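Listed below, chain by chain, are the residues.
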Amino acid sequence: MSERFGRYQLLARVGAGGMAEVFRARLDAPGGAAKILVVKRIRAGASEDPSFLRHFVDEARIALPLSHDNVTSVFEFGEVDGQYFLAMEHVHGQNYAQVLRRAAEVRGHLPRELALFVAAEVAKGLAYAHGFQGPDGEHRGVVHLDVSPQNVLVSYDGAVKLTDFGISRAVGWQGGREGAPLLGKASYLAPEQLRGDPVDARTDLYALGCVLYESLVGEPPHGRGSDEQVLGRLREGNVKPPSAIDPSLAAFDDVTMRALAPRPEDRHPGAAEMHKELSRLLHALGPGTDAPQLAAWMREAFVDELRPAARADHVARQLAAAGFDDRDQHTVRMQDVATVALPGPAEAPAVERRGRWRKRALVSAGAAAALAIGGGAAFALLPGSSPATAASEVRRETALVSLHSWPSAQVELDGTLLAGRTPIADLEVAAGDHQLVFTHEELDLRREIDVHLEPGSSRTVVVTLR
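In this report, the structure presented in the accompanying data block is examined. (Residues numbered from 1 in each chain as written. Predicted model: local features only at pLDDT ≥ 70, side-chain atom pairs only at ≥ 80, totals over all residues. Heavy atoms only, no water.)

## Describing the overall build of the protein chain
Convention followed: Working definition: helices are DSSP H or I runs of at least four residues, strands are E runs of at least two. Numbering for both runs from the N terminus. Burial classes: relative accessible area under 20% of the type maximum marks a residue as buried, over 50% as exposed, and values in between as partly exposed (1.4 Å probe, protein chains only). We call two residues in contact when some of their heavy atoms are within 4.5 Å. Here, Shrake-Rupley sampling with a 1.4 Å probe gives the accessible areas, and only protein chains in the shown set may cover a residue.
Within the protein chain, the secondary structure is distributed over 14 helices and 21 strands. Taking all 466 residues of the protein chain together, 50% fall into the buried category. For the protein chain, the share of sequence-separated contacts (at least 6 apart) that also reach a separation of at least 24 residues comes to 61%. Surface summary for the protein chain: the accessible area is close to 21400 Å², and the carbon and sulfur share equals 50%.

Dropping the structure here:
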């Protein structure tokens, strides 16, 4: 999509809710200069809702003055043809929820020193927001009230930024009565939010404790489920320390459980103090951990999202080694059609979900390659390969299929949603015809693919969503 909105060119919608939508956008400047940023605008007609408009204006009023390395910047608040909008910093990376999901896919969990580093960076951003002073020196600190993995952004350069101050309130805000609609996500609410008591900086520290706990253990401290189930466990207040889940996490018990103390007075007195404790633990357990180290992990974990063209070039080089030298015919056309089917390697699966990093090569030396491009096909047997080797390991009435996509997506196989997201390795299915549906909800992308699997075969399907 491309839409002109005031002085911004909206390039792609990256998110939407009932009242607002978010776009990746470009701001053109004289001399050919341009800046990529994010535009969040109220949907047409939503401006007529006084409560929502007030909520949106509050977000602008709170976020506009903030300027810190660990907080996303808001550049402009304005209105175009009756639609109010915010122009915000674009962070080239992933939200922390996606980071944790990818970490679970490739290694089981995020490296613990990186989990500590992310938490310490968020604590720095919170310390700034809580203690913010205006140009006149007046304390105007705000409590975020929605610290969660979805609202922490991690860039491919290793920057960690807290975003979305949409429900923030001034420090000392009294909150609502018990039973009033809750603001924030159930899994990261503090007990005082549930009771409708006053909130302060320590409310955000409880939420950050929940995020750290999830980074280490794999789920929030009050588990998963419906909001009613999670809030019921929050009322009970029984949280197991990380070491009760995994004894190797004993070193994290003190800082995590102090943040998760039911009474605010038993938590860290402020975000700066929590940052110091996290930094001391990081120095002890992961000395030298810094933004470049996080960037290296991000670029490896999300290489599919970062380098689709490089993957196509890799396939083209393998084809060239097999005698196919026409890059225009193969590489470029493959990108246009955006569907490639490759048999899996004979010696090892193309992807390992746990235990070590996934192997990213789409075609490896010694593997049989068959490219299905458009309606035709080009077949090549690379030196030293034997398709029968891999096929002999699969029962004759079934086949193995591995699924890759750019960007990473959920997949339905014949109407059944598969667990996790792509890449999915060595899925054993019945031989025959199947329909695959790749979906990326956040980017509103969808692609349907029909595949035929021969008995005993092993194939990899690669799809680019557009």
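Next, the rest of the story.
## Points about helix 6 (residues 227-236)
Two residues of an α-helix separated by three or four positions point the same way, owing to the 3.6 residues in each turn. Note the following rule: This arc describes the spread of directions from the helix axis toward the C-beta atoms.
Inspection of helix 6 places V230, L231 and L234 among the buried residues, and these make up the whole buried set. The arc that holds every buried residue of helix 6, seen down its axis, measures 95°, which confines them to one face. Projecting away from the buried face of helix 6 at angles above 90 degrees are the exposed residues E228, R235 and E236. Buried-residue contacts for helix 6 involve helix 4 (191-195) and helix 5 (201-217). Backbone geometry just after helix 6 places G237 at a positive phi near 75°.

## Things to note about unusual backbone geometry
Residue P423 follows T422 across a cis peptide bond; omega there is 5°. Along the polypeptide, P423 turns up in the loop between strand 17 (416-417) and strand 18 (424-430). One non-glycine residue, D81, adopts positive backbone phi at about 50°. With respect to the helices, strands and loops of the structure, D81 is situated in the loop between strand 5 (74-80) and strand 6 (83-89). The phi angle at D414 is positive, at roughly 55°, despite the residue not being glycine. With respect to the helices, strands and loops of the structure, D414 is situated in the loop between strand 16 (410-413) and strand 17. Since its relative accessible area comes to 42%, D414 is described here as partly exposed.

## Topic: the pattern of salt bridges
Just so we agree on the cut-off: In the sections that follow, a salt bridge refers to a side-chain nitrogen of Lys or Arg positioned within 4 Å of a carboxyl oxygen of Asp or Glu.
If you walk through the whole model with that rule in mind, you get 22 salt bridges. A salt bridge links D157 to R299, with the shortest nitrogen-to-oxygen separation between them at 2.8 Å. Here R299 lies in helix 10 (residues 291-301) and D157 lies in the loop between strand 9 (152-155) and strand 10 (160-162), a separation of 142 residues in the sequence. Classification of D157 by relative accessible area gives exposed; the value is 56%.

## Considerations on the sheet that holds strand 19 (residues 432-440)
How we decide: We call two strands paired when DSSP finds no fewer than two bridges between them.
The strand order across the open sheet built from four strands is 17-16-19-20, with neighbouring strands paired in antiparallel fashion. What marks the edges here is a single partner per strand, and that holds for strand 17 and strand 20 (445-453). Two strands pair when backbone bridges link them, and strand 16 and strand 17 are joined in this way by two bridges, in the antiparallel orientation. Following the sheet pairing, E412 is matched in strand 17 by L417.

## So, the nonpolar core
Under the convention used in this document: As used in this record, nonpolar core signifies buried Ala, Val, Leu, Ile, Met, Phe, Trp, Tyr and Cys residues forming a set joined through side-chain atoms within 4.5 Å.
Residues Y96, L110, L208, L278 and W297 are the most contacted members of the largest nonpolar core, which totals 62 residues. Of the residues forming this core, the biggest block, twelve residues, is contributed by helix 3 (residues 112-130). Among residues more than four places away in sequence, those in contact with Y96 are L110, A115, V118, P149, V152, V154, V211 and S215. L403, L436, F438 and V461 belong to the second largest nonpolar core, which has 18 residues in total.

## Things to note about the environment of L212
When you line up the elements, L212 lands in helix 5. With a relative accessible area of 0%, L212 lands in the buried category. Each residue touching L212, except ones within four places of it in the same chain, is listed here: A115, A119, V255, T256 and L278.

## Observations regarding the sheet that holds strand 9
Sheets are built from strands that pair by backbone hydrogen bonding, the pairs being arranged parallel or antiparallel. Filter applied, for reference: For helices, the fitted axis covers only the stretch in contact; all axes are lines through C-alpha atoms, and the angles between them, taken along N-to-C directions, range from 0 to 180 degrees.
Reading across the sheet, the three strands line up as 7-9-10 and stay open at both edges, with antiparallel pairing between neighbours. Two strands bound the open sheet, and with one partner strand each, they are strand 7 (93-95) and strand 10. Neighbour-to-neighbour, the strand axes of this sheet turn through a mean angle of 25°, independent of strand direction. Examined bridge by bridge, strand 7 and strand 9 share three bridges and lie antiparallel to one another. Among the inter-strand pairings, Q94 is bridged to a residue of strand 9, identified as V154. Against the sheet, helix 2 (residues 96-106) contacts strand 7 and strand 9, and its axis sits at roughly 95° relative to strand 7.

## Details of the packing of helix 3 against helix 9 (residues 271-285)
Heads up, the condition is: In what follows, roughly perpendicular refers to angles from 65 to 115 degrees, roughly parallel to angles under 35, roughly antiparallel to angles over 145, and oblique to any angle outside these ranges. Two helices cross in a left-handed way if the nearer one is turned anticlockwise from the farther one by less than a right angle. They cross in a right-handed way if the turn is clockwise. Three classes are used: nonpolar for Ala, Val, Leu, Ile, Met, Phe, Trp, Tyr, Cys and Pro, charged for Asp, Glu, Lys and Arg, and polar for all others, with Gly counted as polar.
Direction vectors running N to C along helix 3 and helix 9 enclose 160°, while the axes themselves pass 8 Å from each other. Judged on the interaxial angle alone, helix 9 and helix 3 are roughly antiparallel. The element helix 3 and its partner helix 9 pack so that their crossing is left-handed. From helix 3, E113, L116, F117, A119, A120, A123, K124, L126, A127 and H130 reach across to helix 9, where they touch A271, A272, H275, L278, S279, L281, L282 and L285. When its residues are assigned to classes, the contact of helix 3 with helix 9 shows 13 nonpolar, three polar and two charged.

## Observations regarding the packing of aromatic side chains
Convention followed: Note on aromatic pairs: the rings of Phe, Tyr and Trp (six-membered ring only in Trp) are paired at centre separations within 6.5 Å, and the planes decide the class, stacked below 30 degrees, edge-to-face beyond 60, tilted for the rest. Note on geometry: a ring has a charge over it if NZ (lysine) or CZ (arginine) is within 6 Å of the ring centre and within 35 degrees of the ring normal.
Summed over the entire model, instances satisfying the criterion amount to six aromatic pairs. Here F5 and F85 contribute two aromatic rings whose centre-to-centre distance is 5.5 Å and whose plane-to-plane angle is 80°, an arrangement assigned as edge-to-face. Remark: F85 occurs in strand 6 and F5 occurs in strand 1 (residues 3-5); sequence separation between them is 80 residues. Residue F85 is classed as buried on the basis of its relative accessible area, which comes to 3%. On the basis of an interplanar angle of 65° and a centroid distance of 5.8 Å, the ring pair of Y128 and F132 is categorised as edge-to-face. An aromatic cluster is present here, built from F5, Y8 and F85 joined pairwise through their rings. Here the basic side chain of R41 rests over the ring of F5, its NZ or CZ set 5.0 Å away from the ring centre.

Take it as geometry only, folks, not as evidence of what the structure does.
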